[in-house]
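Spelled out, the chains give:
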Amino acid sequence: MYFPIRRIKTVYLFIILGFVLSACSQPVETVPTDEPAFEIPVEATSEAPPPSADQRNLVFLSIEENGYAHLFIFHPQDQPLTRITTGEWNDIAPALSPDRTRLAFASDRGGFWDLYVMDLATGDLTQLTDSPQYDSAPSWSPDGQWLAFETYVNDNLEIAVVNVTTGEIIPLTQHPASDHSPAWAPDGRNVAFISSRGGDSDVWLANLDLAGDERYTNLSNTPFASESAPVWSRDGAQLLWSSISQNVGFSGLYVWEAANPDRVAYWISDGGLGTWNESADRVVFVISAPNQYFLTSYDLDGNLLLAPTLLSGRVRGMTWGYAELPNALPASLAQAVDASPTPLWILAVTPAADVPNQRWYVVEIENVQAPYPQLHDLVDEAFVALRQRVIQETGWDALASLENAFVPLTTSLEPGLDEDWLYTGRAFAINSLMANANWMVALREDIGAQTYWRLYIRASVQDGSLGEPIHNAPWNLSARYDLDPRTYEQGGSYAPVPAGYWIDITSLAAAYDWERQPALPTWRTYYAGARFTTFALTSGLNWYAAMQELYPIEALVTPTRVLAPTLTPTNTPTFTPTPRPTRTPRITFTPSRTPTATFTPSLTFTPSSTPTPPTVLP
């Protein structure tokens, strides 16, 4: 056959081009899907075994004290709040096993966050996971063979399950959004969890028998609310979660009924974290005050069953059920019962002359950059101790540069801040520029009619040894400047959940007695009114009483402002110059236009001749 030379060259050219393109092409990346990698064999337990005579109805809590979270047990009648773990690490997210003999929880006692299981009869611990990434929030499968948990993978929180016996781990979700806080349904084939895949934090349900996107259902579907902490009732008929509403509905606890999946969840009570008893006729939950936490209980008819009980700190997880605990606690648990936390800081008064009317000085805080690096003499040790703890937890000195510490009464703050705690010397404001550099984020928390913030600072080391991942979406205050009227009116918008490991500075400051401050009512349209970086150590004083520790009462009622007593020398005293001798003043002749009279020489009188007496001739 005859082939023209031009056609042969064209065929060769296409062949060579094909080889070149195939050699230069990149391997096709595998798109993460939410398909389960393996089948998870779980047997449902429709009916819970009746509790034995030796089992007691107990609440297991994780409560922060001195900046660490420890496990406690509690019964309102016969078991006061009792610590069962202690140490300079955190034990969080307890979960009672279906057979009531084991307690799963997460801990960083080994340097990294892993899952542990405690045998309640002996106190023995078994470590389930052993990896640098963050593992937490365990939830038992109904047959007690698996634990669903949240794990930090590829800069994101995902849901996975681990075999309690073999340690085999199976990923359950693979999504760019934050998936966390799993709750395994008693039927064994559904897992409820929190996800930000819809834009903010909602409650989602994963049906393990379905594949693809059909597996997931948004149960809460609330664009202007942030949900957290889902918990199934023991029969699987109801799902409890907490919600923080921004502008519609109520904040508090909601119940969703599995028998009416299309019905929206209904509000039952206030509270930020709750759990069921075994018969699902009452809930125990935590009520959050701005800087305190209380434990209480209601039945589903709204009757109070437990008067609010003050807790030592923030609750990091809770579970309620009949538990197999021996009358004499195992040695490891008994040791924690006898432990008593030591104070984190000790007051030391700086020696100085007394100030009239029992007032106090403001003293210098060393190596801190601030317009006035001073604090009240009664709180400066608390700041120094907190700063050292922040260095330890974050790996860097985040409090070395402050937006403000003490502010003299002679210096004006922003409008609306005339009675700010910065004037008392008992407050400081973290440098808000860290938020612009993405080293600090704020989560919005509405308590009653007031808005508060929970601050997180990024850890310097991101290998899992410091901090925790952030679970819920933070609030972007700067979004109000995006020229969107709706965003402006609501004072910002939710931001994507940031990647990495972060430190909860609000909880850490509370351990050192520093309280966060509420936003002003105008914060939505007034950025400075958010006050999201200000902390105060009030010691139970109101603002006027605190001010009178520095200033006389006259200074608070007169428009003339005065300085507070300070041990720091000010520029006010000046040296008196020594008088020096001056030159002798000399007469300066000033020309005058007025003519002066010229004196005419006076006439000289010629002496008159003396008459000569006549000569008498004899």
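Heads up: the structure comes first, above all this text.
Attention here is on the structure that accompanies the text. Small disclaimer: the values here were computed from a predicted structure and weren't measured.

1. So, the overall build of the chain
- Summing up its helical and strand segments, the chain has eight helices and 35 strands in all.
- Out of the 618 residues belonging to the chain, those deemed buried represent 48%.
- Contacts in the chain between residues far apart in sequence, at least 24 positions, make up 53% of those at least 6 positions apart.
- Roughly 32700 Å² of accessible area belongs to the chain as shown, and the carbon and sulfur atoms make up 56% of that amount.

2. Brief notes about the sheet that holds strand β17 (residues 238-245)
- Across the sheet, four strands lie side by side as β16-β17-β18-β19; this open sheet has antiparallel pairing. Where the open sheet ends on each side, the last strands, each with one partner, are β16 (225-232) and β19 (266-269). Across the sheet, the axes of successive neighbouring strands diverge by a mean angle of 35°, strand direction being ignored.
- Here β17 pairs with strand β18 (residues 252-257) via six bridges, running antiparallel. Each bridged residue has a counterpart across the sheet, and for Leu239 the counterpart in β18 is Trp256.

3. Things to note about the pattern of salt bridges
- Scanning the model with the defined rule gives 20 salt bridges in all.
- Across the pair Glu64 and Arg316 runs a salt bridge whose closest N-O atoms are separated by 3.5 Å. Separated by 252 residues along the polypeptide, Glu64 in strand β1 (residues 55-65) and Arg316 in strand β24 (residues 315-324) bring together distant segments of the chain.
- A residue is classified by how much of its surface remains accessible, and Arg316, at 18% relative accessible area, is buried.
- A salt bridge links Glu549 to Arg426; its shortest N-O distance comes to 3.1 Å. In this pair, Glu549 is assigned in the loop between α7 (543-547) and α8 (553-557) and Arg426 in the loop between β27 (402-404) and β28 (427-430), connecting sequence segments 123 residues apart. The pair Glu549 / Arg426 is uniform in exposure class, with both members buried.
- Within this structure, Arg314, Glu445, Arg454, Asp504 and Arg516 form a network of salt bridges that share partners.

4. What about the pairing of strand β23 (residues 304-310)?
- Examined bridge by bridge, strand β22 (residues 293-299) and β23 share four bridges and lie antiparallel to one another. Across the sheet, Leu295 pairs through a bridge with Thr309, a residue of β23.
- The hairpin formed by β22 and β23 contains four residues between the paired strands, and Gly302 there has a positive phi angle of roughly 90°.

5. Notes on unusual backbone geometry
- We note that Ala280 has phi near 60°; this positive angle belongs to a residue other than glycine.
- Turning to its location among the elements, Ala280 is positioned in the loop between β20 (273-276) and β21 (282-288).
- A positive phi angle, close to 55°, is found at Ser539, a residue other than glycine.
- With respect to the element layout, Ser539 can be found in the loop between β35 (534-536) and α7.

6. Considerations on the sheet that holds strand β15 (residues 216-218)
- The antiparallel open sheet is built from four strands, whose spatial order is β12-β13-β14-β15. Lying at the two open borders of the sheet, with one neighbouring strand each, are β12 (179-184) and β15. Here the strands of the sheet are splayed against their neighbours by 30° on average, with no regard to which way each runs.
- By the bridge criterion, four bridges tie β12 to strand β13 (residues 190-195) in an arrangement that is antiparallel.

7. Considerations on the nonpolar core
- Formed by 37 residues in total, the largest nonpolar core has its most connected members in Phe383, Leu386, Phe428, Ile430, Trp453 and Trp514.
- Elements with a contribution of two residues or more to this core: α3 (380-394), β28, β29 (440-447), β30 (450-458) and α6 (505-511).
- It is α3 that contributes the most residues to this core, five residues altogether.
- Setting aside residues no more than four positions away along its own chain, Trp514 makes contact with Val379, Ala382, Phe383, Leu386, Arg426, Ala427, Phe428, Ala509, Phe535, Ala536 and Leu537.
- Among the nonpolar cores identified, the runner-up in size contains 20 residues, and Ala95, Trp140, Val164 and Tyr501 belong to it.

8. What to know about the pairing of β16
- Most of β16 is tucked away: seven of the eight residues are buried.
- Where β16 and β17 come together, six bridges link them in antiparallel fashion. What sits directly across from Glu227, in β17, is Ser243.
- Counted between consecutive antiparallel strands, the loop separating β16 from β17 contains five residues, among which Gly236 sits at a positive phi close to 75°.

9. Focus: the environment of Leu466
- Positionally, Leu466 belongs in the loop between β30 and β31 (475-476).
- Looking at Leu466, the relative accessible area reads 17%, which means it is buried.
- Once the C-alpha coordinates of Leu466 and Asp108 are considered, the two residues, 358 residues apart in sequence, prove to be 9.3 Å apart.
- Apart from the residues lying within four places of it in its own chain, the contact partners of Leu466 are Gln392, Glu393, Thr394, Gly395, Ala459, Ser460, Val461, Tyr501 and Ile503.

10. What to know about the side chain of Ser507
- Summarising the element assignment, Ser507 is placed in helix α6.
- Side chain to side chain, Ser507 and Glu64 meet in a polar contact 3.4 Å long.
- Setting aside its immediate chain neighbours within four residues, Ser507 contacts Glu64, Arg314 and Arg454.

11. Brief notes about α3
- Its 15 residues place the ends of α3 21 Å apart at the C-alpha level, agreeing with the 21 Å of an ideal helix rising 1.5 Å per residue.
- Across the 15 residues of α3, 11 count as buried, placing the element largely inside the fold.
- Along α3, the residues classified as buried are Asp380, Glu381, Ala382, Phe383, Ala385, Leu386, Arg387, Arg389, Val390, Glu393 and Thr394.

Definitions and limits used
Residues numbered from 1 in each chain as written. Predicted model: local features only at pLDDT ≥ 70, side-chain atom pairs only at ≥ 80, totals over all residues. Heavy atoms only, no water. Helix = DSSP H or I, 4+ residues; strand = E, 2+ residues; numbered from the N terminus. Buried < 20%, exposed > 50% of the residue type's maximum accessible area, 1.4 Å probe, protein only. Contact = heavy atoms within 4.5 Å. Areas by Shrake-Rupley, 256 points an atom, 1.4 Å probe, with all protein chains shown as cover. Pairing = 2+ DSSP bridges. Axes fitted to C-alpha atoms, helices over the stretch in contact; angles between N-to-C directions. Salt bridge = Lys/Arg side-chain N within 4 Å of Asp/Glu carboxyl O. Core = buried A, V, L, I, M, F, W, Y, C linked by side-chain atoms within 4.5 Å. Polar contact = N/O pair within 3.5 Å; in protein donor to acceptor, adjacent residues only side chain to side chain. Expected span 1.5 Å × (residues − 1).

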